Amino acid sequence: MVVIVSILCMKMTSFSTATLEKKLSDLSNTQHSVQTLSLWLIHHRKHAKAIVQAWYKELAKGKQIMANCLNLVREQSIALDCNQITFGPHIPI
């Protein structure tokens, strides 16, 4: 929980599609990278549709780390008592 609190204290950058795409393409397979991105995504959850669309583009490129990040977003949404269903309506089944 200390990691979540310390990351939440960081200044969140504003949302734009370009920023989102940059963050997704720069995602690395480190705990800090995945946690930072997942909290940024939760913070900007009102842009869920754009987030999910960009997410799928990266996932289609074979970036398995995207699935790990998705799982962490779900877990942190629960821990932070956020509406974890926010992204659900935008995920094609």
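Residues numbered from 1 in each chain as written. Predicted model: local features only at pLDDT ≥ 70, side-chain atom pairs only at ≥ 80, totals over all residues. Heavy atoms only, no water.

### Quick word on the packing of aromatic side chains
Counted under the stated rule, the structure contains 1 aromatic pair. Considering the side-chain rings of Phe 15 and Trp 40, the 5.7 Å spacing of their centres and the 20 degrees angle between planes classify their relative orientation as stacked. In this pair, Phe 15 sits in the loop between α1 (2-8) and α2 (17-26) while Trp 40 sits in helix α3 (residues 31-43), placing the two residues 25 residues apart along the sequence. Take Phe 15 and Trp 40: they sit in the same class, and that class is buried. Its guanidinium or amino end placed over the ring of Trp 40, Lys 23 lies 5.2 Å from that ring's centre, counting from NZ or CZ. (Phe/Tyr/Trp six-rings, centres within 6.5 Å; stacked < 30°, edge-to-face > 60°. Helix = DSSP H or I, 4+ residues; strand = E, 2+ residues; numbered from the N terminus. Buried < 20%, exposed > 50% of the residue type's maximum accessible area, 1.4 Å probe, protein only. Lys NZ or Arg CZ within 6 Å of the ring centre and 35° of its normal.)

### Section: the nonpolar core
Note on soluble globular proteins: their nonpolar side chains tend to be buried together. By size, the foremost hydrophobic cluster in this structure holds 18 residues, and its most contacted members are Leu 20, Leu 27, Leu 37, Leu 41, Trp 55 and Cys 69. Counting residues per element, the ones that place at least two in this core are α2, α3, α4 (48-60) and α5 (65-79). Ranked by residues supplied to this core, first place goes to α3 with 6 residues. Residues within four places of Leu 37 in sequence aside, it is in contact with Lys 23, Leu 24, Leu 27 and Cys 69. (Core = buried A, V, L, I, M, F, W, Y, C linked by side-chain atoms within 4.5 Å. Contact = heavy atoms within 4.5 Å.)

### Quick look at α4
Over its 13 residues, α4 extends 18 Å from the first C-alpha to the last, a length consistent with the 18 Å expected when each residue adds 1.5 Å. Every buried residue belonging to α4 is among Ala 48, Ile 51, Val 52, Ala 54, Trp 55 and Glu 58, and all of these are buried. Residues of α4 that are buried sit in contact with α2, α3 and α5. Positive phi shows up at Gly 62, right after α4, with a value of about 90 degrees. (Expected span 1.5 Å × (residues − 1).)

### Structural notes on the packing of α2 against α3
Taken N-terminus to C-terminus, the directions of α2 and α3 make an angle of 155 degrees; their axes are 10 Å apart at the nearest point. Put simply, α2 runs roughly antiparallel to α3. Considering the relative orientation of α2 and α3, their crossing is left-handed. The residues of α3 that touch α2, namely those facing Thr 19, Leu 20, Lys 23, Leu 24 and Asp 26, are Ser 33, Leu 37, Trp 40 and Leu 41. Per-class residue counts for the contact of α2 with α3 are 5 nonpolar, 2 polar and 2 charged. (Axes fitted to C-alpha atoms, helices over the stretch in contact; angles between N-to-C directions. Parallel < 35°, antiparallel > 145°, perpendicular 65-115°, else oblique. Left-handed = near helix turned anticlockwise from the far one by under 90°. Nonpolar A, V, L, I, M, F, W, Y, C, P; charged D, E, K, R; others polar.)

### Section: the pattern of salt bridges
Inspection of the entire model under this criterion finds 2 salt bridges. Of the charged contacts in the structure, one is a salt bridge between Asp 26 and Lys 22, with a shortest N-O distance of 2.7 Å. With Asp 26 and Lys 22 both in helix α2, this residue pair falls 4 residues apart, about one helical turn. For Lys 61, the salt bridge is made with Glu 58, and the minimal N-O distance between the two is 3.0 Å. (Salt bridge = Lys/Arg side-chain N within 4 Å of Asp/Glu carboxyl O.)

### Considerations on the side chain of His 44
Examined against the element boundaries, His 44 turns out to sit in the loop between α3 and α4. Residue contacts for His 44: discarding those within four places in its chain leaves Thr 13, Ser 14, Phe 15 and Ile 51.

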